[in-house]
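One letter stands for each residue in the lines below.
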Amino acid sequence: MIEPDEHVLQAYLDGELTADQAAAVAAWLETHPQAAQKLSQWRSQDQALRQLWALRQKEPVPTNLLAAARTAKRRGLPTWLQQGMAAGLVFALGLGGGWYGQQAYQGAHPMAAVDSLPRQAAMAHVVYSPDIQRPVEIAAEQEGQMVAWLSRRMQSRIEPPRLAQAGYELIGGRLLPGNQGPVAQFMYHDASGQRMTLYVARESAPRTDNGFHFASQGPVNVYYWWSKGWGYALSAGMPRERLLSLAEQAQRQITPN
């Protein structure tokens, strides 16, 4: 068959093709391992998104939003558009106060509406950490450029903590839109390839509770805290105790000016 474009592959993943069309795509994928790997990556991301945003009523994440998450990682698009599409998914799911987020918060802990930080961080982690080709905007090899760019956009000196002694090397960072302005995301990985992200966002009002807080957001565990008007959230699919140790190491190194 003719090579299917990404719209056809998305339709195949979402079960929207006819039986004959699906069979043809499945046969084509058997002889194109790179495309099959990409489709597997999309499927894993879909599953993580569904787990992360599962409602009490088991309402599924709309298919068009799942497609938006995949489209945000389409390699042929300009980087700024990739960011915008991924961020649009985040806000469409309610992180900016939309209808979906209001439903997701119903019946939750009273602090859930206040502490949107862990949900934002977890969603950004799910959207970007699976990407193999372009997980960050600027790689660690250009760390000086990355720090200068993010600091200028965030209007404060923002540097990634060093976690190499704990087994996590910096991959790089990117800029995302947030509720109170730009947000920085730093990504790390260990020797096994497991990825962890640090989400740094400005808070609208300074928080006085400076201790650590924990949130389990579907498949993602998050430790988050506030300091001097900034919110920080460390996200990964790892055990809570391990993540806390890494969060403590990160917190000791972070002091925005």
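A brief structural summary. These numbers were taken from a predicted model, which means no experiment stands behind them.

**Quick notes on the pattern of salt bridges**
For the coordinates displayed, the defined rule picks out 3 salt bridges. Taking the shortest distance from any N to any O, the salt bridge between Arg 174 and Glu 137 comes out at 3.9 Å. One end of the pair, Arg 174, is in strand 2 (residues 169–178); the other, Glu 137, is in the loop between helix 7 (117–128) and strand 1 (138–139), with 37 residues separating them in the sequence. Here Arg 174 falls in the buried class, since its relative accessible area comes to 3%. A salt bridge links Glu 143 to Arg 162, with the nearest nitrogen and oxygen atoms 2.7 Å apart. Note that Glu 143 is positioned in helix 8 (residues 143–154) and Arg 162 in the loop between helix 8 and strand 2, a separation of 19 residues in sequence. Note on Glu 143: relative accessible area 16%, which makes it buried. Overall, Arg 162 belongs to the exposed group, its relative accessible area being 51%.

**A look at helix 9 (residues 240–253)**
Owing to its 3.6 residues per turn, the α-helix brings residues three or four apart onto one side. A rise of 1.5 Å per residue sets the reference length of helix 9, with its 14 residues, at 20 Å; its end C-alpha atoms lie 20 Å apart and thus fit the reference within 8%. Residues of helix 9 that are buried include every one of Leu 243, Leu 246, Ala 247, Gln 249 and Ala 250, and no others. Down the axis of helix 9, the smallest arc covering the buried residues is 165°, so these residues share one side. Seen from the buried face of helix 9, the exposed residues on the opposite side, beyond 90 degrees, are Glu 241 and Arg 252. Turning to helix 9, the residues buried within the fold contact strand 4 (195–202), strand 6 (220–227) and strand 7 (230–236).

**What to know about helix 8**
In this model, helix 8 (12 residues) spans 16 Å end to end at C-alpha, consistent with the 16 Å of a helix rising 1.5 Å per residue. Along helix 8, the residues classified as buried are Glu 143, Met 146, Val 147, Trp 149, Leu 150, Ser 151 and Met 154. Packed against the buried residues of helix 8 are strand 1, strand 2, strand 3 (181–189), strand 4 and strand 7. Once helix 8 finishes, Gln 155 follows within two positions and takes phi at roughly 60°, a positive value.

So, how was this worked out
- Residues numbered from 1 in each chain as written.
- Predicted model: local features only at pLDDT ≥ 70, side-chain atom pairs only at ≥ 80, totals over all residues.
- Heavy atoms only, no water.
- Salt bridge = Lys/Arg side-chain N within 4 Å of Asp/Glu carboxyl O.
- Helix = DSSP H or I, 4+ residues; strand = E, 2+ residues; numbered from the N terminus.
- Buried < 20%, exposed > 50% of the residue type's maximum accessible area, 1.4 Å probe, protein only.
- Expected span 1.5 Å × (residues − 1).
- Arc of directions from axis to C-beta.
- Contact = heavy atoms within 4.5 Å.

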